[in-house]
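These are the residues of each chain, in order.
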Amino acid sequence: MANATAQFAALADPTRRQVFERLRAGEQSVGQIARGLPVSRPAVSQHLRVLKEAALVADRAVGTRRVYHIDPEGLGAVRAWLDQFWEAALAAYAREVEKGAEEQQ
Amino acid sequence: MSQRITPAPVRKSVVVRAPAARAFEVFTAGIARWWPKSHHIGASEAQSQVIEPRSGGRWFERGIDGVECEIGKVLTWQPPTLLVLAWQLTADFKYDAALVTEVEVRFIDAGGSTTRVELEHRHLERLGDRGELLRQSIDSPNGWGALLELYAHAASQQL
């Protein structure tokens, strides 16, 4: 399981996000993805490799090509998001606990 | 077609300068005071959020339009040490009665009037059982598009 940090890092790159977003439309090959982007096929392949390692996309063989799709359950992304949600929520919670403590003194 | 991904639970902890009883009280009775305002469930802004103080109690939000929206329920109510909530929201913050993920919160005395609060959000693979909903949520305003904005924002702050 890739951790949330890897997923954040993977999506922090704007080009990589574009690659990821293009897969929202459905399964595509490297060539299909590269066609709509101002980057080379090897660069797209490299971005896909990072997204795959972060468990954000998966691939499968179709004949001699590989096609990529977003993890159909989206769980990697959802987990990363929940991780951040609770991080922010608990920080706000801790501030609230301590704010009240100061008022009571 | 593709392998199933089983996500690890999300685990977070924080130490607060308050005894467990107060830490528990702020987490539950005071939840509306710290819950991120950007994450309301109803159509309107949230006016309040309620965790009913008993096992089996409701956990819901009341919007400024007066509409109550379920978030989940209380599975275990053991103040001041243990709270287990059922989080029944899908990835796009919609209530789904058939979905139950668990949020366990432990309040551990850390000495000197401080409390270590440990949170575990588990059974996240059940979000995948609602896979069709996830796919539908991709293009909703609170769905993935918005999540990706959050990712990018948070990531840029971290880097």
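Data block above holds the structure.
Keep in mind it's a predicted model, so treat the numbers as computed, not measured. Counting from 1, residues in each chain are numbered in the order their sequence is written. Following the order in which they are written, the chains are lettered starting with A and the ligands numbered starting with 1. Owing to the predicted nature of the model, reporting of local features is limited to residues with pLDDT of at least 70; listing and counting of side-chain atom pairs is limited to 80 or more, with chain, interface and lining totals taken over all residues.

K.L.:
I would appreciate a short explanation of the sheet that holds strand β3 (residues 58–63) of chain B in the present structure.
P.N.:
Strands belonging to one sheet form pairs held by backbone hydrogen bonds; the direction of such a pair is parallel or antiparallel. Residues and elements named next belong to chain B. Strand pairing requires that DSSP identify at least two bridges connecting the strands. In DSSP terms, a helix is any run of H or I states spanning at least four residues, a strand is any run of E spanning at least two, and both are numbered starting from the N terminus. Read across the open sheet, the 7 strands follow the order β1-β7-β6-β5-β4-β3-β2; overall the sheet is antiparallel. Looking at strand neighbours, the two that pair on one side only are β1 (10–16) and β2 (46–51), the edges of this open sheet. Geometrically, the sheet is characterised by an average inter-axis angle of 20 degrees between neighbouring strands, direction not taken into account. As paired strands, β3 and strand β4 (residues 68–78) are joined by 5 bridges and run antiparallel to one another. When the bridges of β4 are listed, R62 appears paired with E68. Its contacts with the sheet put helix α1 (residues 20–28) on β1, β2, β5 (82–87), β6 (101–109) and β7 (115–122), and the angle it makes with β6 is roughly 155 degrees. Simply put, an axis is a line fit to the C-alpha atoms, just over the touching stretch for a helix, and the angle between two N-to-C directions goes from 0 to 180 degrees. Think of it this way: build a C-beta for each residue from its backbone, and any pair within 7 Å is a contact.

K.L.:
I keep staring at the environment of Y93 of chain A and nothing clicks. Help me out?
P.N.:
With respect to the secondary-structure elements, Y93 of chain A resides in helix α5 (residues 75–104). Contact partners of Y93 of chain A, with chain neighbours within four places excluded, come to V26, F27 and W34 of chain B.

K.L.:
Hey, could you run me through the environment of G56 of chain B in this one?
P.N.:
Residue and element names in this part refer to chain B. For G56, the position within the fold is in the loop between β2 and β3. Here a residue counts as buried when 20 or more other C-beta atoms sit within 10 Å of its C-beta, as exposed when there are 12 or fewer, and as partly exposed otherwise, the C-beta atoms being derived from the backbone. A tally of 10 C-beta atoms within 10 Å means that G56 is categorised as exposed. Sequence separation between G56 and L75 is 19 residues; the distance between their C-alpha atoms is 5.7 Å. Among all residues touching G56, those that are not within four sequence positions of it are K73 and V74.

K.L.:
Quick question: what am I supposed to make of the pairing of β5 of chain B here?
P.N.:
For a regular strand, side-chain orientation follows a simple rule: the groups alternate between the two sheet faces. Residues and elements named next belong to chain B. Because side chains alternate across β5, one face comprises the buried residues L83, L85 and W87, and the other comprises L82, V84 and A86, none of which is buried. Summarising the sheet, β4 and β5 pair through 6 bridges and their orientation is antiparallel. When the bridges of β5 are listed, G72 appears paired with W87. Connecting the antiparallel pair β4 and β5 is a turn made up of 3 residues. One ladder, built from 6 bridges, connects β5 with β6; its direction is antiparallel. Counterpart to L83 in the pairing with β6 is V105.

K.L.:
What is the right way to read the sheet that holds strand β2 (residues 57–62) of chain A from this model?
P.N.:
Residues and elements named next belong to chain A. Ordered in space as β1-β3-β2, the 3 strands form an open sheet in which the pairing is antiparallel. Strands at the two margins of the open sheet, each flanked by one partner only, are β1 (28–29) and β2. Relative to strand β3 (residues 65–70), β1 runs antiparallel, the two being bridged by 2 bridges. Among the inter-strand pairings, Q28 is bridged to a residue of β3, identified as Y68. Sitting on the sheet, helix α4 (residues 41–53) touches β2 and β3, and the angle it makes with β2 is about 120 degrees.

K.L.:
In this structure, what is going on with the nonpolar core? I would like to understand it.
P.N.:
In this structure, A23, F27 and V105 of chain B are the most contacted members of the largest nonpolar core, which totals 23 residues. Those elements that place two or more of their residues in this core are α5 of chain A together with α1, α2 (31–34), β5, β6 and β7 of chain B. When residues in this core are grouped by element, the largest group, 5 residues, is from α1 of chain B. Residues in contact with F27 of chain B, not counting those within four places in the same chain, are Y93 of chain A together with L83 and V105 of chain B. Only buried Ala, Val, Leu, Ile, Met, Phe, Trp, Tyr and Cys residues enter a nonpolar core, and they are joined through C-beta atoms within 7 Å. Listed in part, the 18 residues of the second largest apolar core include V30, L51, L56 and V57 of chain A.

Read these as layout, nothing more, since geometry by itself doesn't imply function.
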